[in-house]
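Chain residues, written in single-letter form:
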Amino acid sequence: MIAHLDTDGVPTLLAPTGGPMRAGLTFRVGTADETLARHGITHLLEHLALAPLGSADYHFNGATGPVFTTFHMQGSEHDIAAFLTAVCAHLTDLPTARLEVEKDILRTEWSTRGSAAIDDIPLWRHGARDFGLSSYPEWGLAALTVDDLRQWAARWFTRENAVLWIAGDRVPDGLTLTLPSGTRQPVPAASSALPATPAYFVRGNQAVVLDAVVRRGPAAGLFADVLERELFRALRQDAGLSYTIACGYEPRGDGYAVLRALADALAEKQDAALGGLVDVLAKLRVGRIEQTDLDAAVAKRIEMLATAEADAARLTGYAFNLLTGEPNLSLDEHRAALTAMTVGDLHRVAQEVHASTLLMVPDGTRADWAGFVAAPTTSEAIPAGTAHRSRDDDGQLRVGPDGISYLGDGGPLTVRYADCAAMLVWPDGARQLIGHDAIVLHVEPTLYDLRPPGLAVLDTAVPADRQVAMPPRDPQQIPQPGAVREYRDRRDDVPRPRRARRETLLLVLGVLAVLGLGGRALLLTVDVVLEPPAEKAGGRWGAVVRGWLLTVILALPIVLLARGRRR
């Protein structure tokens, strides 16, 4: 049984375990509560709360997800008490001395993490807000101040917005949760960047991924298990198209859950893998679901509920439900719900899956033949504004009072200022506007006839709290018009010959000789001009002419040699 207790005003869950004690403190806050321009604030707070703890002999960590942030550890009763007490103390009194250090650590973490096949799916489904932010870099880190962090902690990291869960026989002695008072925060409403579903988008990856949103419940979890069994049989055992088949089911906290399936394939078999996945989905959608598959999925889950660690294993999910207001079932209620499931229940889930599906397909493939519509990559509306032609004459920017549009290849693209999730600002004048619908519009002053007044319109129209200052770019990263770029690229590709040592010595000696002879001719010329008597000047003017003539003759090969080297 999971016991309900209270620790310093924080709801506490306690379940027995046969292994070492483990515990966690979970808050109802995550990346979905942020904005794109301040994305990273929750993750930064998590790092600051853990940073003073340094290294330890016991295992501890933190995790920031779309709607939850958790601090957890495994160890002795004393270590757990010390760990969670320290975390709460740090959240209440932030160790801001490490602010810039932790920002750098988070930037490094982002730059070195691998790209997973599913990373871009939230962006395509939700856009550049709430649940879509997990696809974006943490651009907000640079501008975050100590006051920003303190205000965020005071709002979200409170007693009423937290749940303590412990796998053990009691609450550890000495545990103190010094958190401020607040309110329970609801899960944000999920936005959508898809005008219609089922839909698909193309991404250069050797995998086909299905993403769907379904009503949460035991039928949806069992459907994920049945779908994985069907895909494994069809794509791996029968057709030999895939090696990795994986399905997952993750509650979102708002009464819905995300259901995903992945199937990898070689480049030459990606079309066949996509067709196989679509066929399996169509089979389930029309109700061709094997009772044996359902029975196997139910038996597997009931077996997991029969273990001695069943209550301890579901503590985290139990805490999530408590924070989001969703019902928690006892083990007996779970078993009863699972055994009551029918093929008809799974058929209804299959129809939900198809209706909400977003497919990620590899480059060179399409899914419109199967009734999936392409997710939008362009905009429909084009607000009025002043046109700024491209210096390559291959498009234009239209800057107006309500928004900015790009008209050209790959367009039209429009970002309205009111719907701008963030605008990245570089010191060289470049701007990048990202709309709530995930449309991205680049503004490069080097490529367009865009004078400072055009940039001033953007800087004034986009609210200051959505502008993100970016570090200076390397000059080689700044794009140039086609002719200039072509010349620069061609020039950079030409190998530089190494100068011979003897040639360099001759050049130096020649230049010195020219300077000496030319200087002497110049002095002689000045002397003749200042002493004009005809009886002296006649012979001396000849010397002047000879001096300058020798200087030119000696300088000519030096000039030709230098020009040849430049070529």
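Keep in mind that this is a model prediction, so the values were computed, not measured.

### A look at the overall build of the chain
Next up, step 1: A count of helices and strands for the chain gives 16 helices and 20 strands.
Next up, step 2: Buried positions account for 45% of the 567 residues belonging to the chain.
Next up, step 3: Partitioning the intrachain contacts of the chain with sequence separation of at least 6 by distance along the chain shows that 73% fall at a separation of at least 24.
Next up, step 4: Surface exposure of the chain reaches about 28,000 Å², of which carbon and sulfur atoms provide 57%.

### Let's talk about the side chain of Asp-33
Next up, step 1: Mapped onto the fold, Asp-33 is located in the loop between strand S3 (22-27) and helix H1 (41-50).
Next up, step 2: Only 2.9 Å separates the side chain of Asp-33 from the backbone nitrogen of Gly-30, close enough to count as a polar contact.
Next up, step 3: Discounting chain neighbours no more than four positions away, the residues touching Asp-33 are Arg-28, Pro-66, Trp-152, Trp-156, Pro-186 and Pro-188.

### Quick look at the pattern of salt bridges
Next up, step 1: What the rule picks out here adds up to 25 salt bridges.
Next up, step 2: The closest approach of N and O atoms between Arg-215 and Glu-352, which form a salt bridge, is 2.8 Å. Taken as a pair, Arg-215 in strand S8 (residues 207-215) and Glu-352 in helix H12 (residues 343-356) lie far apart in primary sequence, 137 residues in all.
Next up, step 3: We note a salt bridge from Asp-311 to Arg-314, for which the minimum N-O separation is 3.1 Å. For the pair Asp-311 and Arg-314, one class covers both residues: buried.
Next up, step 4: Via salt bridges that share partners, Arg-229, Glu-230, Arg-233, Lys-283 and Asp-293 belong to a single interconnected network.

### Here's the deal with a nonpolar patch on the surface
Next up, step 1: A cluster of nonpolar side chains, contributed by Leu-549, Leu-550 and Ile-553, occupies part of the molecular surface with about 300 Å² of accessible area.
Next up, step 2: Structurally, the position occupied by Leu-549 is in helix H16 (residues 534-566).

### A closer look at the sheet that holds strand S12 (residues 373-374)
Next up, step 1: Across the sheet, which stays open at both edges, the six strands sit in the order S9-S10-S8-S11-S7-S12 with mixed pairing between neighbours. With one partner strand each, in any of the chains shown, strand S9 (245-251) and S12 form the two edges of the open sheet.
Next up, step 2: Direction of pairing for strand S7 (residues 199-202) relative to S12: parallel, over a ladder of two bridges. If you follow Tyr-200 over to S12, its bridge partner there is Ala-374.

### Thoughts on the confidence of the model for the chain
Next up, step 1: In this model, the chain carries a mean pLDDT of 87, and residues with pLDDT of at least 70 account for 87%.
Next up, step 2: Considering only residues more than four positions removed or in separate chains, one finds that residues 485-500, a stretch of pLDDT under 50, has twelve contacts.

### Let's talk about unusual backbone geometry
Next up, step 1: Between Thr-197 and Pro-198 the backbone carries a cis peptide bond, its omega angle lying at 5 degrees.
Next up, step 2: Along the chain, the position of Pro-198 falls in the loop between strand S6 (162-167) and S7.
Next up, step 3: Here Gly-411 and Pro-412 are connected by a cis peptide whose omega angle stands at 0 degrees.
Next up, step 4: Tracing the backbone through its elements, the reader meets Pro-412 in the loop between strand S15 (403-408) and strand S16 (413-416).
Next up, step 5: With phi around 75 degrees, Ala-438 is a residue other than glycine that occupies positive phi space.
Next up, step 6: Along the polypeptide, Ala-438 turns up in the loop between strand S18 (431-435) and strand S19 (440-443).

### Description of H1
Next up, step 1: Summarising burial for H1: ten of the ten residues are buried, a large majority.
Next up, step 2: Within H1 the residues assigned to the buried category are Ile-41, Thr-42, His-43, Leu-44, Leu-45, Glu-46, His-47, Leu-48, Ala-49 and Leu-50.
Next up, step 3: On its buried face, H1 is in contact with strand S4 (59-64), strand S5 (69-74), helix H2 (77-92), helix H3 (99-112) and helix H5 (146-156).

### Notes on the sheet that holds S16
The strands making up a sheet associate through hydrogen bonds between their backbones, and the pairing can be parallel or antiparallel.
Next up, step 1: With antiparallel pairing, the four strands of this open sheet are ordered in space as S13-S14-S15-S16. Each edge of the sheet is formed by a strand with only one pairing partner; in this case those strands are strand S13 (386-389) and S16. On average, each strand axis in the sheet is inclined to that of its neighbour by 15 degrees, with strand direction left out of account.
Next up, step 2: Sheet analysis places S15 next to S16, joined by four bridges and oriented antiparallel. Each residue of the ladder has a partner; that of Ser-405, found in S16, is Thr-414.

### Notes on the pairing of S4
Next up, step 1: Here S4 pairs with S5 via six bridges, running antiparallel. Each residue of the ladder has a partner; that of Phe-60, found in S5, is Met-73.
Next up, step 2: In sequence, S4 turns back onto S5 through a hairpin of four residues.

### Describing the packing of H1 against H2
The axes of two packed helices give the description: the angle between them and the distance between them.
Next up, step 1: Put simply, H1 and H2 touch, their axes get as near as 8 Å, and they point 125 degrees apart. Classified by the angle their axes make, H1 and H2 are oblique. The handedness of the crossing between H1 and H2 comes out as right-handed. Across from Leu-45, Ala-49 and Leu-50 in H1, the residues of H2 making contact are Phe-83, Val-87, His-90 and Leu-91.
Next up, step 2: Partitioned by chemical class, the residues of the contact of H1 with H2 number six nonpolar, one polar and no charged.

So, how was this worked out
- Each residue is numbered by its place in its chain's sequence as written, counting from 1.
- Thresholds applied to this predicted model are a pLDDT of at least 70 for local features of residues and 80 or more for the giving and counting of side-chain atom pairs; totals over whole chains, interfaces and linings are not thresholded and use all residues.
- Hydrogen atoms and water are omitted, and side-chain values are computed over all heavy atoms in the structure.
- Numbered from the N terminus, helices here are DSSP runs of H or I no shorter than four residues, and strands are runs of E no shorter than two.
- For the exposure calls, accessible area comes from a 1.4 Å probe over protein chains only, and a residue counts as buried if that area is under 20% of its type's maximum, exposed if over 50%, partly exposed in between.
- In what follows, a contact means two residues having at least one pair of non-hydrogen atoms within 4.5 Å.
- Each accessible area is a Shrake-Rupley estimate made with a 1.4 Å probe; only the visible protein chains count as cover when residues are assessed.
- We call two N or O atoms a polar contact when they sit within 3.5 Å, provided that within protein one can donate a hydrogen and the other can accept it, with sequence-adjacent residues counted only if both atoms are side-chain atoms.
- A pairing counts as a salt bridge when a side-chain nitrogen of Lys or Arg comes within 4 Å of a carboxyl oxygen of Asp or Glu.
- By definition, no residue in a patch forms a salt bridge, and every one has over 30% relative accessible area; like charges are joined within 9 Å, nonpolar side chains (Val, Leu, Ile, Met, Phe, Trp, Tyr) within 5 Å.
- Two strands qualify as a pair provided DSSP detects at least 2 bridges between them.
- Values of pLDDT, ranging from 0 to 100, describe the predictor's confidence in every residue of the model.
- Structural elements are reduced to axes, namely lines fitted to C-alpha atoms, with helices fitted over the stretch in contact, and the angle between N-to-C directions of any two is expressed from 0 to 180 degrees.
- Orientation is classified from the angle alone, with under 35 degrees giving roughly parallel, over 145 giving roughly antiparallel, 65 to 115 giving roughly perpendicular, and any other angle giving oblique.
- Throughout, a crossing is termed right-handed when the near helix is turned clockwise from the far one, and left-handed when it is turned anticlockwise from it by less than a right angle.
- Ten residues, namely Ala, Val, Leu, Ile, Met, Phe, Trp, Tyr, Cys and Pro, are considered nonpolar, four, namely Asp, Glu, Lys and Arg, are considered charged, and the remaining ones, Gly among them, are considered polar.

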